[in-house]
Amino acid sequence: MKTLFKITALMLITSMTLIAQKPTNVEMDELHTIYDKSFTTDAKTILVLDLSNTTAQICKSEDNKVHIKYTKAFKNYKKKLVESSLKSHTISGTKKNNKITFTSKSANSRYYREYQLEQVLIRRLEKIKDTSTAEEPIIKKTIDSVIRQVKLSERTILKDLLGTIKTKPRVQKWKKSDKIQITRMMISIPEHIHVRFTLGNANVEFLDDFSNKTTMNSRNSKLKFKKIGNILNLFDIDNGYFNVEAIEGGSYSFANTRELTIGRVSNSIINSEFTKVEIGEIGKNMEFIDFNSKFIFHNFSDKFEILTMNTEYSEINLFLPRSLEYKLDTYGNNTKHIMDNHVANLSNKNKKTDAKMFELINSDNEDSNYIKINTVNGIIRIAKDVITLGE
């Protein structure tokens with residue numbers, strides 16, 4: 001059974017590698033433009049993007065128009081297979097009353113099948129691992145290291161799979177007889193318009209900073225951003241992967257998100273549950289509300305001012321701010337505190353959730369940075385460079 005899972009995993013890794021790599025010096029036999037249209041906009045325009053089983057790239061428009069282009073290229077494909085592939089995608093675009101609506105739906109979602117298979121393989125192969133092996137410690141990362149992790153986020157999925165089977169994928173060499181299909185959807189969006197995303201089993205990458213007012217509802221999707229930021233942003237993310245270099249403003253909700261990696265974040269509210277959250281730098285005025293997630297905070301900005309967390313059954317791992325004036329208080333009940341490998345199970349006699357449990361002061365200045373954590377039934381680990389797990 002183990003061998004079967006490993007073979008299946010390697011097949012998936014090979015398939016993902018073929019999709020991710022664009023063959024060089026390969027002349028395609030056919031290029032089909034499935035959709036190519038532009039729409040004029042003004043400050044009151046709303047753009048609605050409904051992408052299902054679709055891979056797309058988003059970039060900034062240079063002429064205040066929305067441009068959408070979708071192409072498919074084929075090599076060594078029979079005519080019937082080409083026709084079948086072209087018919088498998090339904091696309092429509094309209095503009096009415098200054099509202100642009102674009103819908104893209106694919107009948108055959110190779111990405112979605114792979115996404116589901118990834119999760120099954122990772123979970124099952126993790127069970128095969130020796131459960132007696134101690135968890136690896138968390139090592140403090142630089143901000144640049146976390147941002148690089150975001151940029152290379154597609155590879156982390158392969159890393160998860162490879163880590164479970166302890167092997168390396170074969171390097172793929174393109175042959176003249178290989179069947180190759182390259183799809184590309186490019187959406188160019190002006191900066192001044194409101195954008196509403198509805199994403200299902202999609203794979204979307206933002207190639208430029210995105211400051212538009214954005215409403216996003218995403219399910220089972222892979223999302224990758226550079227910098228996003230607008231005080232009116234409202235994101236609802238369920239399952240999938242979410243990787244962003246920087247967030248500046250807005251409200252974000254995550255549930256069951258397998259990978260949530262943020263380079264820098266400030267002036268935002270993050271609601272989460274059953275999610276792994278890793279952040280390179282906590283900036284100004286951050287608020288977290290959580291149930292049963294795992295957090296890793298590597299760094300704090302020079303003047304982060306206030307970090308507030310309201311959590312239940314959460315695991316919080318944070319590295320102390322270096323050379324900064326700050327005060328840290330924890331309130332609540334029944335929470336394990338671990339600081340430099342010293343363990344204390346703290347609670348209060350009356351089981352009040354607003355009673356102070358722990359205090360750490362690194363400043364006599366009343367206006368210094370402040371970390372306030374309200375927690376019940378949780379774990380808080382605090383360290384300078386390395387956090388040891390498994391306590």
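Keep in mind the model is a prediction, meaning the values are calculated, not measured. (Residues numbered from 1 in each chain as written. Predicted model: local features only at pLDDT ≥ 70, side-chain atom pairs only at ≥ 80, totals over all residues. Heavy atoms only, no water.)

Digging into the overall build of the protein chain
Of regular secondary structure, the protein chain possesses five helices and 25 strands. Evaluated residue by residue, the protein chain yields a buried proportion of 48% over its 391 residues. Here the protein chain displays about 20,600 Å² of accessible surface, and carbon together with sulfur accounts for 48% of that area. (Helix = DSSP H or I, 4+ residues; strand = E, 2+ residues; numbered from the N terminus. Buried < 20%, exposed > 50% of the residue type's maximum accessible area, 1.4 Å probe, protein only. Areas by Shrake-Rupley, 256 points an atom, 1.4 Å probe, with all protein chains shown as cover.)

Section: empty space enclosed by the protein
Under the counting rule described, the total for this entry stands at two cavities of 30 Å³ or more. If you add up the space inside the largest cavity, you get close to 60 Å³. Together, Ile58, Cys59, Lys60, Ile189, Glu191, Leu207, Asp208, Asp209, Phe210, Ser211 and Asn212 line the largest cavity. Residue contributions to the lining of the largest cavity peak at three residues, all from strand β3 (residues 55-60). Its residues assigned to classes, the lining of the largest cavity comprises five nonpolar, two polar and four charged. (1 Å grid on protein atoms, 1.4 Å probe; cavity = no way out; pocket = protein on both sides within 12 Å on 5 of 7 lines; lining within 4 Å. Points joined across faces, edges and corners; volume = space filled by probe spheres on them. Nonpolar A, V, L, I, M, F, W, Y, C, P; charged D, E, K, R; others polar.)

Notes on the nonpolar core
Core analysis: the biggest nonpolar cluster contains 62 residues, and Phe242 and Phe288 have the highest contact counts within it. Considering every element that reaches this core, the biggest residue donor is strand β12 (residues 234-255), with seven residues. Once residues within four sequence positions are removed from consideration, Phe288 is found in contact with Ile270, Ile279, Ile282, Phe295, Phe297, Leu307, Thr308, Met309 and Asn310. Membership of the second largest hydrophobic core comes to six residues, among which are Ile138, Ile296, Phe319 and Ile387. (Core = buried A, V, L, I, M, F, W, Y, C linked by side-chain atoms within 4.5 Å. Contact = heavy atoms within 4.5 Å.)

A word on the pattern of salt bridges
In total, this model carries 13 salt bridges according to the counting rule given. Between Glu359 and Lys327 there is a salt bridge, and its shortest N-O distance comes to 3.8 Å. Pair noted here: Glu359 is in strand β22 (residues 356-361) and Lys327 is in strand β19 (residues 326-333), with a separation of 32 residues, a long-range link. Here Lys327 falls in the partly exposed class, since its relative accessible area comes to 28%. (Salt bridge = Lys/Arg side-chain N within 4 Å of Asp/Glu carboxyl O.)

With respect to the side chain of Thr257
With respect to the secondary-structure elements, Thr257 resides in the loop between β12 and β13 (259-273). Judged by its relative accessible area of 1%, Thr257 is buried. Residue contacts for Thr257: discarding those within four places in its chain leaves Ile237, Asn239, Gly240, Phe242, Phe274, Thr275 and Lys276.

Focus: a nonpolar patch on the surface
A cluster of nonpolar residues, Phe274, Phe291 and Tyr313, forms a patch on the protein surface that exposes about 290 Å² of accessible area. On the secondary structure map, Tyr313 appears in the loop between β17 (306-312) and β18 (315-319). Since its relative accessible area comes to 41%, Tyr313 is described here as partly exposed. (Patch = residues over 30% accessible without salt bridge, like charges linked within 9 Å, V, L, I, M, F, W, Y side chains within 5 Å.)

Quick look at helix α4 (residues 143-151)
Buried within α4 we find Ile143, Val146, Ile147 and Val150. Viewed along the axis of α4, the buried residues span an arc of 100°, placing them on a single side of the element. Of the residues in α4, the exposed ones pointing more than 90 degrees away from the buried face are Asp144 and Arg148. (Arc of directions from axis to C-beta.)

Considerations on the pairing of β18
Within β18, five of the five residues are buried, which leaves the element mostly enclosed by the surrounding structure. Relative to β18, strand β16 (residues 294-300) runs parallel, the two being bridged by four bridges. Each bridged residue has a counterpart across the sheet, and for Ile296 the counterpart in β18 is Asn317. Pairing geometry for β18 and strand β24 (residues 379-383), over five bridges, is parallel. Within the sheet, the bridge partner assigned to Leu318 lies in β24 and is Ile382. (Pairing = 2+ DSSP bridges.)

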